[in-house]
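Coordinate inspection notes
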Amino acid sequence: MANYLAQFQAIKSSSDRLVVAVEDVSDLWPSVKEGFEARLPLKKACLNNKTRNPVYVENLPAEFILTTDARLRSRFPQEQYLFWFREPYATVVLVSCEDLDEFKTILKPRLKLIVQNEEREWFIVYVSKAHPSNDQATKMAKKVYARLEVDFSSKRRERCCKLDLNGADASFWEDFDSKIVESIRNTLERRVQFYEEEIRKMSEQRLMPVWNFCNFFILKESLAFMFEMAHLHEDSLREYDELELCYTETVNTPGKQRDFGGLEQGDDQAALLKPEFKPLSQIVQDDSFREFEFRQYLFACQSKLLFKLGRPVEVVARGYSFIISFSKTLALHEKFLPFCLREVWVITACLAIISSISSIYDGELAAPDIEKEFYRFQGDLYSLCRVKFMRLAYMIGYGVDIEKSSVNSASLSMLPWPKPAVWPSIPADASAEVLAKEKMILQANPRMKHFNIQRKPLPLEPSSLLREANRRRASLSVGNVSELLDVRPTDGSGLDGYQRFSPPSKIYASPMPRTYSGPVNFESSVSLDRPMRLSEIHVAAEHALNQTITDPDLLKSLSSLEEFEKKYMELTKGAADNYHHSWWRRHGVVLDGEIAALYFKNGNYDLAAKSYEKVCALYAGEGWQDLLAEVLPNLAECQKILSDEAGYLSSCVRLLSLENGLFLTKERQAFQSEVVHLAHSEMEHPVPLDVSSLITFSGNPGPPLELCDGDPGTLSVSVWSGFPDDITLESLNLTLMATFNADEGVKTINSSDAHILKPGRNVITLDVPPQKPGSYVLGVLTGQIGNLGFRSHSFSKGGPPDSDDFMSYEKPTRPVLKVLKPRPLVDIAAAVSSALLMNEIQWLGLIVKPIKYSLKGALLSIDTGPGLMIDESHMIEIDDHVKPMEDKVHADELDITKENAFSTVKFKLVLENGKVALPDWASDITTVLWFPVRAIDDRMAVAASADCPQRQSVVDGMRTIALKLEFGAFCNQIFERTIAVHFTDPFHVTTRVSDKCNDGTLLLQVMIHSQVKATLYLHDAWLHLQPGFVHVGKANGRPVSGFFPLVISPSSTAGILFSVCIESMPFGDQTELLQTQSILNIMYGISGDRTNGAHAPASLKSGSNDKLHFKVAIALQRPVLDPCVAVGFIPFSSDCLRVGQLVSMKWRVERLKDMEASNPSSSCNDEVLYEVDANPEIWMIAGRKRGHISLSNARGSRIEIIVTCMPLISGHVRPPHLGLPGLGDENISCNPAGPHLVCVLPPTLSSSYCTPA
């Protein structure tokens, strides 16, 4: 069976569609061919896959071939058995007959002979040629077709269909398509079952000696190819996967030694997507295939199916895995393969997959996750190809131009050298090339990093190439042992590696000639096989690679340094771009650093800086400071070349912010010098500098600073400097953030003084202006370095992790300032609450009490209200004040009682412009200020009747004094209060007539009540009577009782009797009586303490006359003994007064005596003024409330006054009152004599606003 491989491959290349055989019995094919072929490919064909599940094929390719065609007639039975997949899947029998007898005798036997083969799927198409207008022919055709159905169709399956050439309808074509698909489906199931059975039998013999993998392969791939022709690509792919597993088991079976392959010309180019790269007959080896070609063939078949399935992402994923695994297989056979075939094959395989996928894949049709995974695999392919390409370039001498970065070092130092059986030797005519290579090595100068940073370069080789190449030479007899043992350290770049590792002072000139690598020994024989020098190794590797590589593009990429860098840039960019589109963005950023290095080398500093910024951002974000220290100086150098002062300054600060161990002290000092130089220079575009990682700050250990509301303070802040040397800050600002309310924003504390920060911790004090109450944390530190503003928002870790001073982002920020909520800081109150004497100079005491707050430097402003003045002739006194409660508790210790609650030590203060300064000794203790004040009241006191003892209103004696206390460190605290002080007369006088004698004499009793908290002494009293009254017996107005001096204790009462009588007066003089009052004069003295209330006036000096004079007005009213007019209220006619009803109020006014006889001079006594007084909340007056009435002067004359009113509320209420303002009350007699009440009923119910239910 293995002999049919060539024919099998030829059949596969020519067969791509399913075959439908056409048995033309009646020569109808030319007539129906066009219609039949128009139905291809078959639409929506339903086939069964290998697991018997239905699968719908959108376009099933098929081909109609006549059974008389040579392609079906020229096959041998053995060929049909081997290549059954190309046999017809359905047979269409075309017949036409218009005579029933002819059908029975000729057509029917022939059809029986055709369809007797049970392995064939067939159906009959009866073609009717009858014209629709020919009824006889049409009827005969129907009879023949009916007979045809009876003979060849059954209940299980319809095998006949009718085609009318003169008018075929759509139902025929649907029936025709369904019968073809049914036949194909049945044939496919039968053949799949056949192949599976054969494969099962052969699999059972796999462990037997007679088993042949080639035969198994033909059967397996025949089944896979049949599925592929039927567009069942999933089943075909599964067959190839199983075939790959079986081949892997066959190859790994021990015992047989097989050729691996890969030795032919062109094998260095991967054929992962070219199944036809080599004929299968050329790779046959005994009963199997060569592994090198066959595994690539299987993968190419799988890739082709995956592309047809529309799964290019899986092609990339499988391709990367296959390249990795096959590379390991190549490593096992590397000593038998051409030099570096493994590396070259990997490069070409990666590029082949990348190029094929890039032209096919459409990312818009894939899900986001699948798309990212696709880019990730493609990035891996680019990266793998890049590493292998660098390995080839390194071996031919381009290692000095490869960036010795961390990613290149990690990739190349872990990549082993090629392991050929014999390292290639240098050609005989390559002396010029060797000389050029050695010159390139010796002239290679390492690029010195910016800031004179010296670092040991990272290796790009797993071990010394010099030693590895010489170790694998065919023979080695003599040479320099130091070269073999790699005593001189190199990194694959010749002397460059040694120069970078060793200081310049320790580099010595080589004592050997350039031609030899061993010691100078001119007597030694040149014919001896000496070790090769590094330049010779490069030349030998280059010649060997030229023999191995057949890809012209790859050869061109390695032909020169410029072409190498071009290809290197292409691969690196491809890997980086794909990683950026995938999940692995960090890989792309790292590769951007390699792109930046090449840009920098070629002088494209702008693009280099952009790429370096991406890399630095990644390293900084991940915290990879070692890697950042390698790349950041390169970025700084690019920015300096581009005159990017802001970026260069930022890079210098970031270099200073890295760990101290990454750079030497002199290098860090160089960074600082650049920062200071730029800060003090005139930058064209100055920008704020973020030094958060370099200058950090925190509050000092301990409790936060506490301030009262409105107080300034001084805040100490610890500032850590990461600069290696001292640095001067021209200004420093710090913001405070409130923790209780984010809307408050930030508060800035400014310090314009210059500060010098030393390396490490510095303590800086800042003046804090008044802040709002709450807790404040440190916000942002800003300032000025030279002409440059800086900003830091990073906190320092002020203590060990287990202490409260340690600050981290896991713990809430510790407050540094607490401004207490507004609270009383001081209290000022009156020293006494009892009343002081009115119109006399009194000491007003003010208790000034600090509440846990110093009043040092306090200034008290005093502003007296109306009716109160400060007597500036006396100085202000201040003394210490002891609380009564403290006196009571510590009475035994201090010997102070409650009454003596004030210290006897007094100090004098001066009042200037209404302000007095408190002494410093009174800043922390409670003190009392005594002010000499005088309350002024020009009104005379009025005595009250004993029947209605109305006292003087408290408001009348109330005086106010406005106080404003400015205190605090900067007099920023202000306390304002208005204090009410009560002043009063010393006495309250009431009078009553104690007795009325028969002779008209009256005993007037005057009651004197003490209104002050002091002892009063009455020395004398006399009464000036008003007109109409005269004293009896004494003309000097002295009282009857003369027990003077009279002592009146506080809150006590004393009485004085005066004997008076009524003086007869004409009626016309009574008006004067109403306008005069009697005056009571009292001479008194006072004995009191200012700490209790009223006391002797401050103006009285010791030894002077201490008598005081007090006057009080007494209103005496003549009794109503002879009324002139009588006013009477006329009762209502009905007692049913109601709210809302009008009612007439009537009063009768009558003359009781003849006015003309009493007062002949009166000319207008007939006009009497009246006035109705009513409560507006009870009564509404509808008539005139005030007016004149005409009343005759003759005795007995009368008149009625009627006023209409309306009651507003119900109940017993007082009716309106009629008054006669023109006549005195002593001349009017009222009836009823006193107030009375009337009853008012509620209003009657009304249904005006009621609605029926």
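What counts, and where the lines are drawn
- Residues numbered from 1 in each chain as written.
- Predicted model: local features only at pLDDT ≥ 70, side-chain atom pairs only at ≥ 80, totals over all residues.
- Heavy atoms only, no water.
- Helix = DSSP H or I, 4+ residues; strand = E, 2+ residues; numbered from the N terminus.
- Buried < 20%, exposed > 50% of the residue type's maximum accessible area, 1.4 Å probe, protein only.
- Areas by Shrake-Rupley, 256 points an atom, 1.4 Å probe, with all protein chains shown as cover.
- Salt bridge = Lys/Arg side-chain N within 4 Å of Asp/Glu carboxyl O.
- Axes fitted to C-alpha atoms, helices over the stretch in contact; angles between N-to-C directions.
- Parallel < 35°, antiparallel > 145°, perpendicular 65-115°, else oblique.
- Left-handed = near helix turned anticlockwise from the far one by under 90°.
- Contact = heavy atoms within 4.5 Å.
- Nonpolar A, V, L, I, M, F, W, Y, C, P; charged D, E, K, R; others polar.
- Phe/Tyr/Trp six-rings, centres within 6.5 Å; stacked < 30°, edge-to-face > 60°.
- Pairing = 2+ DSSP bridges.
- Expected span 1.5 Å × (residues − 1).
- Core = buried A, V, L, I, M, F, W, Y, C linked by side-chain atoms within 4.5 Å.
- Patch = residues over 30% accessible without salt bridge, like charges linked within 9 Å, V, L, I, M, F, W, Y side chains within 5 Å.
- Lys, Arg positive; Asp, Glu negative; His and termini not counted.
- Charge placed at Lys NZ, Arg CZ, Asp CG, Glu CD.
- Polar contact = N/O pair within 3.5 Å; in protein donor to acceptor, adjacent residues only side chain to side chain.
- Disulfide = S-S within 2.5 Å.
- pLDDT = per-residue confidence, 0-100.

1. Concerning the overall build of the protein
A count of helices and strands for the protein gives 30 helices and 53 strands. For the protein, the proportion of its 1253 residues judged to be buried stands at 47%. When the accessible surface of the protein is summed, it comes to about 62800 Å², and 52% of that surface belongs to carbon and sulfur atoms.

2. Focus: the pattern of salt bridges
Applying the stated rule across the entire model yields 48 salt bridges. With its nearest N and O atoms 2.8 Å apart, the salt bridge here joins arginine 1090 to glutamate 877. Within this pair, whereas arginine 1090 is found in the loop between β41 (1078-1087) and β42 (1108-1114), its partner glutamate 877 is found in strand β27 (residues 876-881), the two being separated by 213 residues in sequence. The pair formed by arginine 1090 and glutamate 877 is uniform in burial state, with each residue classed as buried. With a shortest N-O distance of 3.2 Å, glutamate 1150 and arginine 1198 are connected by a salt bridge. Taken together, the residues span a long stretch of sequence, with glutamate 1150 in strand β45 (residues 1143-1151) and arginine 1198 in strand β49 (residues 1198-1207) at a distance of 48 residues. Taken together, the shared-partner salt bridges connect Glu234, Asp241, Arg311, Glu314 and Arg318 into one network.

3. Some words on the packing of helix α10 (residues 291-308) against helix α12 (residues 341-358)
Two numbers describe how α10 lies on α12: the axes approach to 13 Å, and their chain directions differ by 10 degrees. The pairing of α10 with α12 is recorded here as roughly parallel in orientation. Between α10 and α12 lies a crossing whose hand is right-handed. For the pair formed by α10 and α12, the contact residues are Phe292, Gln296 and Phe307 on the first element and Leu341, Trp345, Ser356 and Ile357 on the second. Here the contact of α10 with α12 is built from residues that sort into five nonpolar, two polar and no charged.

4. Notes on the packing of aromatic side chains
Going through the model one piece at a time under the given rule, you end up with 49 aromatic pairs. With a centroid separation of 6.2 Å and an interplanar angle of 40 degrees, the aromatic rings of phenylalanine 213 and phenylalanine 216 are classed as tilted. Remark: phenylalanine 216 and phenylalanine 213 occur in helix α8 (residues 213-229); sequence separation between them is three residues, near one turn of the helix. Consider the rings of phenylalanine 326 and tryptophan 345, whose centres lie 4.8 Å apart with planes at 55 degrees: the pair is tilted.

5. Here we look at unusual backbone geometry
What is expected of a backbone is that most residues other than glycine have negative phi and most peptide bonds are trans. A cis amide bond links leucine 40 with the next residue in sequence, proline 41, at an omega value of -10 degrees. With respect to the secondary-structure elements, proline 41 resides in the loop between α2 (29-37) and β2 (42-48). In this structure, serine 1051 is a non-glycine residue whose phi angle is positive, near 65 degrees. Mapped onto the secondary structure, serine 1051 falls in the loop between β39 (1046-1048) and β40 (1053-1062).

6. Side note on the sheet that holds strand β32 (residues 944-945)
Pairing is mixed in the open sheet, where five strands are placed in the order β32-β35-β36-β40-β38. With one partner strand each, in any of the chains shown, β32 and β38 (1029-1031) form the two edges of the open sheet. For β38 and β40, the ladder comprises three bridges, and the chain directions are antiparallel. Across the sheet, phenylalanine 1029 pairs through a bridge with isoleucine 1062, a residue of β40.

7. Concerning helix α6 (residues 135-152)
Between the first and last C-alpha of α6 there are 26 Å, a value that for 18 residues agrees with the 26 Å anticipated at 1.5 Å per step. Looking at the packing, one finds that the buried side of α6 touches β5 (90-95), α5 (100-114), β6 (122-128) and β7 (160-164).

8. Quick notes on the pairing of strand β46 (residues 1167-1173)
The pairing of β46 with strand β48 (residues 1186-1190) spans five bridges and is classified as antiparallel. Bridge pairing in β48 links valine 1168 to isoleucine 1189. Pairing analysis gives three bridges linking β46 to strand β51 (residues 1217-1219), with the strands arranged antiparallel. Residue pairing in the sheet places aspartate 1173 in a bridge with histidine 1217 of β51.

9. Remarks on the sheet that holds strand β18 (residues 760-768)
Sheet strands line up and pair through hydrogen bonds in the backbone, either parallel or antiparallel. Taken in spatial order, the three strands of this open sheet run β11-β13-β18, and their pairing is antiparallel. Each edge of the open sheet is held by one strand with a lone partner, namely β11 (695-699) and β18. Sheet twist, expressed as the mean angle between neighbouring strand axes with direction ignored, is 30 degrees. Bridge count for strand β13 (residues 713-721) against β18 is nine bridges, and the pairing is antiparallel. Across the sheet, serine 716 pairs through a bridge with threonine 765, a residue of β18.

10. Overview of the nonpolar core
In terms of nonpolar packing, the biggest core is built from 209 residues, with Phe36, Val125, Phe217 and Trp345 touching the most fellow members. With 14 residues, helix α13 (residues 368-395) is the largest single contributor of residues to this core. The next biggest cluster of nonpolar side chains, apart from the first, holds 34 residues, and it includes Leu825, Leu836, Val916 and Leu965.

11. Observations regarding a negative patch on the surface
Residues Glu98, Asp99, Asp101 and Glu102 make up a contiguous surface patch of negative charge. Among the structural elements, aspartate 99 can be located in the loop between β5 and α5. Here aspartate 99 falls in the partly exposed class, since its relative accessible area comes to 35%.

12. Description of the environment of phenylalanine 64
With respect to the helices and strands, phenylalanine 64 occurs in strand β4 (residues 62-66). If we ignore the near neighbours within four places in the chain, the residues touching phenylalanine 64 are Val20, Val22, Trp29, Phe36, Glu37, Leu40, Phe176 and Ile180.

13. Focus: a nonpolar patch on the surface
On the surface, Phe907, Trp921 and Ile925 cluster together into a nonpolar patch covering about 250 Å² of accessible area. Residue position: isoleucine 925 is located in the loop between β29 (915-917) and β30 (927-935).

14. A closer look at the side chain of arginine 391
Its location among the elements puts arginine 391 in helix α13. For the buried arginine 391, which has no salt bridge, the nearest side chain bearing the opposite charge is glutamate 343, at an N-O separation of 6.0 Å. Setting aside its immediate chain neighbours within four residues, arginine 391 contacts Glu343, Leu412, Leu415, Pro416, Trp417, Leu460 and Pro462.

15. A closer look at the pairing of β49
Examined bridge by bridge, β45 and β49 share eight bridges and lie antiparallel to one another. If you follow arginine 1148 over to β49, its bridge partner there is glutamate 1200.

16. A few points about helix α9 (residues 233-251)
Here α9 is 19 residues long and its end C-alpha atoms lie 27 Å apart, about the 27 Å a rise of 1.5 Å per residue gives. Within the span of α9, buried status applies to His233, Asp235, Ser236, Leu237, Glu239, Tyr240, Leu243, Cys246, Tyr247 and Thr250. The inward-facing, buried residues of α9 contact α1 (5-14), α8, β9 (288-289), α10 and α11 (312-332).

17. Side note on the side chain of glutamine 302
Within the element layout of this structure, glutamine 302 appears in helix α10. In terms of polar contacts, glutamine 302 uses its side chain to reach the side chain of glutamate 244, at 3.0 Å. Every residue in contact with glutamine 302, bar those within four places of it in the chain, is listed here: Leu237, Tyr240, Asp241, Glu244 and Arg318.

18. Digging into the packing of α13 against helix α14 (residues 406-413)
Look at α13 against α14: their axes get within 10 Å of each other, and the N-to-C directions meet at 80 degrees. When the interaxial angle is binned, α13 and α14 end up roughly perpendicular. The segment α13 lies against α14, with Arg386, Val387, Met390 and Arg391 engaging Asn408, Ser411 and Leu412. Across the contact of α13 with α14, the residue classes tally to three nonpolar, two polar and two charged.

19. Considerations on the state of the cysteines
Each disulfide is one covalent bond, formed between the sulfur atoms of two cysteines. Per the counting criterion, the structure on display carries zero disulfides. The cysteine cysteine 385 is free of any disulfide, with cysteine 350 supplying the nearest cysteine sulfur at 5.3 Å. Exposure remark for cysteine 385: the relative accessible area of 0% places this residue in the buried category. Lacking any disulfide linkage, cysteine 616 is separated from the closest cysteine sulfur, that of cysteine 638, by 9.8 Å.

20. Concerning the confidence of the model for the protein
With 85% of its residues at a pLDDT of 70 or more, the protein shows a mean pLDDT of 81. No element of the protein has a lower mean pLDDT than helix α18 (residues 495-501), at 35, and none a higher one than helix α21 (residues 561-580), at 93. Throughout residues 475-528 the model reports pLDDT below 50, and contacts reaching past four residues in sequence, or to other chains, amount to 91 contacts. Contacts from residues 798-811, a stretch scored under 50 in pLDDT, to residues over four places away or in other chains number 23 contacts.

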